[in-house]
Amino acid sequence: MAPEGTSAQDVNQKLVDQYTEIAKLAGGLAHEIKNPLSTIRLNMELLAEDFAEGETLRERRALAKVQVVQRECRRLQELLDNFLSFAKVRKLNQIPSNLNLQVKQVVDFFRPKAAETGIEIVDYLAADLPTVLLDREAFHGALLNLVLNAEQAMPKGGQLVVRTSTVGDGVALDLIDTGCGMSAETRAHIFDAFFSTKGSGSGLGLPTARKIIEAHGGSISLQSEVGRGTQFTIKLPLPPRLADQTVREE
Ligand SMILES: Nc1ncnc2c1ncn2[C@@H]1O[C@H](COP(=O)(O)OP(=O)(O)OP(=O)(O)O)[C@@H](O)[C@H]1O
Ligand SMILES: [Mg+2]
């Protein structure tokens, strides 16, 4: 209950302000950690070089320990980078874009890796898809995480279908994989920050992707079944004044 004289809206605004403040502090803290971390990484690299040609057992053991520290530093660095892109409070720079083209860029980037893992990519990109407003860099990051998640769900290969279509007053993008799928328990938590079922995952990929998609006025939903695969669907609204135009990008 809101205290007397305070409206629910005031309380809500106060919570938003507090959240923004905490997000800023956490972002600042992550930045502060990155500097000493680079010094540690640099010194570990120098140490590893010193021990690289180690002849004694002691030197070889020391090198192995240095390599463990290096690996953990890389993980920390990745975690901080992911956290920073999750916590970043920035205004989107949305410009008229062709969703098919943005999808193609991500898929083309992923194609060589997919071929190596035995993943077949099938794309059905709707012709004459209406133009949407996208912050291309942010949207690229969100899509890339979805595609990488699909790849990680199919370590022995499989199929990834990428489909775009016009729906109601917007456009939709489906990403359908034939990977391991998710249990109901996993499905309930995938958008929670730091939730991951992977040993080396930060668990920030999907929360960040959802934040970006929702900032575009869109939505992300999923269907998944253990052992069969997963379908993610992203819906994006059409900007009213652009509803009749189609932007062609080279
Ligand atoms: N396509 C998928 N198939 C099966 N499980 C998935 C899929 N996408 C996401 N998940 C589940 O959702 C969890 C959260 O995904 P998210 O992208 O947020 O983090 P992550 O991939 O574990 O780590 P990071 O993205 O930081 O590397 C994953 O750990 C996995 O359990
Ligand atoms: Mg991920």
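No experiment lies behind these values; they were computed from the predicted model shown. (Residues numbered from 1 in each chain as written. Chains lettered and ligands numbered in written order. Predicted model: local features only at pLDDT ≥ 70, side-chain atom pairs only at ≥ 80, totals over all residues.)

**Comments concerning the overall build of the protein chain**
Next, step 1: Of the regular secondary structure elements, the protein chain holds six helices and seven strands.
Next, step 2: Listing every helix and strand of the protein chain by position from the N terminus yields α-α-β-α-β-β-α-β-β-α-α-β-β.
Next, step 3: The principal-axis extent of the C-alpha atoms belonging to the protein chain is close to 70 × 60 × 40 Å.
Next, step 4: Burial statistics for the protein chain: of 250 residues in total, 22% are counted as buried. (Helix = DSSP H or I, 4+ residues; strand = E, 2+ residues; numbered from the N terminus. Buried ≥ 20, exposed ≤ 12 C-beta atoms within 10 Å, placed from the backbone.)

**Considering the domain arrangement of the protein chain**
Next, step 1: Parsing the protein chain into structural domains produces domain 1 (8-87) and domain 2 (95-242).
Next, step 2: Each of domain 1 and domain 2 has a C-alpha centre, and the two are 28 Å apart.
Next, step 3: Tallying the contact residues gives seven residues for domain 1 and seven residues for domain 2.
Next, step 4: Of the residues that constitute the side of domain 1 that touches domain 2, the class distribution is three nonpolar, two polar and two charged. (Domains from an automatic or database assignment. Contact = placed C-beta atoms within 7 Å. Nonpolar A, V, L, I, M, F, W, Y, C, P; charged D, E, K, R; others polar.)

**So, the nonpolar core**
Next, step 1: Ranked by internal contacts, the top residues of the largest apolar core, which has 30 residues, are Ala142, Leu143, Leu146, Val147 and Leu175.
Next, step 2: Among the secondary structure elements, those contributing two or more residues to this core are α3 (99-117), β3 (132-134), α4 (136-153), β4 (158-167), β5 (170-177), α6 (205-215) and β7 (229-237).
Next, step 3: Element by element, the count of residues in this core is highest for α4, at seven residues.
Next, step 4: Ignoring sequence-local partners within four residues, the contact set of alanine 142 consists of Thr208, Ala209, Ile212 and Ile213. (Core = buried A, V, L, I, M, F, W, Y, C linked by C-beta atoms within 7 Å.)

**Brief notes about the environment of glutamate 49**
Next, step 1: By the secondary structure assignment, glutamate 49 is in helix α1 (residues 8-52).
Next, step 2: A tally of 11 C-beta atoms within 10 Å means that glutamate 49 is categorised as exposed.
Next, step 3: Residues glutamate 49 and leucine 63, spaced 14 residues apart in sequence, show a C-alpha to C-alpha distance of 8.8 Å.

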